[in-house]
Every structure is written in structure tokens, then in C-alpha cells.
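Listed below are the residues making up each chain.
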Amino acid sequence: ITGGCQGPRVITVRICAQDCFGNGDLDPTPGGPLPDNCSSFNITVVDNTPAVPNACPPQTAINVDAGCSAFVPDLRDASLFTDNCSSINPSDIGMYCDLDGDGSYETELFAPGTPVLPGSFVFIYAGDIICNPLFPGGEVDVRFTYVDCNGNPMPGPAELDCANLLKIEDVIPPDLIVACP
């Protein structure tokens, strides 16, 4: 049985026996009644193995604009997780970050189910990150989450925590204003 997302699958197995004299048909007509030398039973195949997180992507540098805003790119990718029964659709991955430094990943950047579009981004205000001792060097942690199409794992998603994945930088020099008396 190979991958896919059919959920629990029931497979009917037929076993037939033949003695050393050749008595008993090993391949009776499908759909007809089973001869006495055959028996059948059902096997239920259930995917209960959660997806496994892989390695984090490389750090992404983001420069803030003149209004101290940052445009965070969509970093969701199928290579972030591996699943034994289904291929990973990046749109099913959630991307969250910790913008207050408490480790809670409360800021949802891209929700699971959000289409992955080339060049898509989320706008955040970065003023609370730049020069904040909770974010040395402007580095922000990101969490990716994934639940496979059969609902594994339960009760919550597989998580991939990527420390310092975003490096938010202010590279715009300040304006010099000289006031003459």
C-alpha cells in the first residue's frame, strides 16, 4: 500500500489452500462464492504516524523601511517536514513568530490553509524588535507547524522551532536635522 490521504483503508485478503494432489482452486473466480478451501478477512490500515520535522531553513535577513516596518516573506516549504503516508503541501504548514520575546509564538504570520504564493509576505511593525534586548541583533524565532491529511499528530501539530530564523535590521541612517536659531 503506498501513500495518499485516503484515511483508514480496508483491504480484503483471500487465502486459498491446495493439497499435494492439486485439490482446491487457488484462484477462484472473483465475485463468486468462495470455495471451501478458501477464506477471506479484512485488514484495516490506519496512518497514525505523525509527520517528522526536518532542518530549519537558513536565516533570512529583513531590512526595515523608513517607517520601521518589515515585510516577512513566506518561508513555508515542503522540505520542512517528512510524512510517511502523504506528500507535504506547503499550504498546510503554519508559520508563527515570537514578537514579544516570551517564547509563545503568538503571532500568526501564515495560517495553515493559506495558499503559498511566490513573493508573498506579511507586514509587521518592527519598532519593538530593533534595539530590544529581548531580540539581540534583531533575531526572531519562528515556529512552523504541520498536521498531515490524516490528522496526525493528535492532539496538536508537529512543530519545528527555528531559533533566530529572521534577522530584522535597520539599515536606514537617521535624518540629520539642524535647527538654526
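What you see is a predicted model; the values in this text were computed from it and never measured.

(A) Molecular detail of the sheet that holds strand β7 (residues 93-97). Taken in spatial order, the 5 strands of this open sheet run β4-β11-β10-β7-β8, and their pairing is mixed. Two strands lie at the open edges of the sheet, namely β4 (60-63) and β8 (107-110), each paired on one side alone. Averaged over all adjacent pairs, the angle separating strand axes in this sheet is 35°, with direction ignored. Bridge count for β7 against strand β10 (residues 139-146) is 5 bridges, and the pairing is antiparallel. Looking across to β10, one finds that C97 is bridged to V142.

(B) Representation of the state of the cysteines. Following the criterion strictly, the structure yields 2 disulfides and no others. The partner cysteine of C16 in its disulfide is C38, sulfur to sulfur 2.0 Å. The chirality of the disulfide connecting C16 with C38 is right-handed, given an S-S dihedral of about 110°. Taken together, the residues C16 in strand β1 (residues 9-16) and C38 in strand β2 (residues 38-45) connect sequence positions 22 residues apart. The disulfide partner of C56 is C162, and the S-S distance across this bridge is 2.2 Å. Across the disulfide from C56 to C162, rotation about the S-S bond amounts to roughly -95°, and the bridge is consequently left-handed. Of this pair, C56 sits in the loop between β3 (52-53) and β4 while C162 sits in strand β11 (residues 158-169), placing them 106 residues apart in sequence. Its relative accessible area of 35% is what places C56 among the partly exposed residues. Among the residues examined, C162 registers a relative accessible area of 1% and is labelled buried. Distance from the sulfur of C85, which forms no disulfide, to the nearest cysteine sulfur (C149) is 8.0 Å. Accessibility expressed as a relative area gives 15% for C85, which makes it buried.

(C) Main features of the environment of L26. Of note, L26 is situated in the loop between β1 and β2. Note: C-alpha distance between L26 and C16 (10 residues apart in sequence) is 5.3 Å. Look past the residues within four positions of L26 in its chain and what remains in contact with it is C16, A17 and Q18.

About the thresholds
Here, residues in each chain are numbered from 1, in the same order as that chain's written sequence. The model is predicted, so local features are restricted to residues of pLDDT at least 70 and side-chain atom pairs to those at 80 or more, both for listing and for counting; the totals for chains, interfaces and linings are taken over all residues. Note that water and hydrogens are dropped before the side-chain values are worked out from all heavy atoms of the structure. Pairing between strands is defined by DSSP: at least two bridges between them are needed. Runs of E in the DSSP output that reach at least two residues are strands. Runs of H or I that reach at least four are helices, and both are numbered from the N terminus. Angles shown run from 0 to 180 degrees and are taken between the N-to-C directions of axes, each axis being a line fitted to C-alpha atoms and, for helices, limited to the stretch in contact. A pair of sulfur atoms, both from cysteines and within 2.5 Å, is called a disulfide here. The buried label applies to any residue whose accessible area, calculated with a 1.4 Å probe on protein chains only, is under 20% of its type's maximum; exposed applies above 50%, and partly exposed to all values in between. Any two residues whose heavy atoms approach within 4.5 Å are treated as being in contact.

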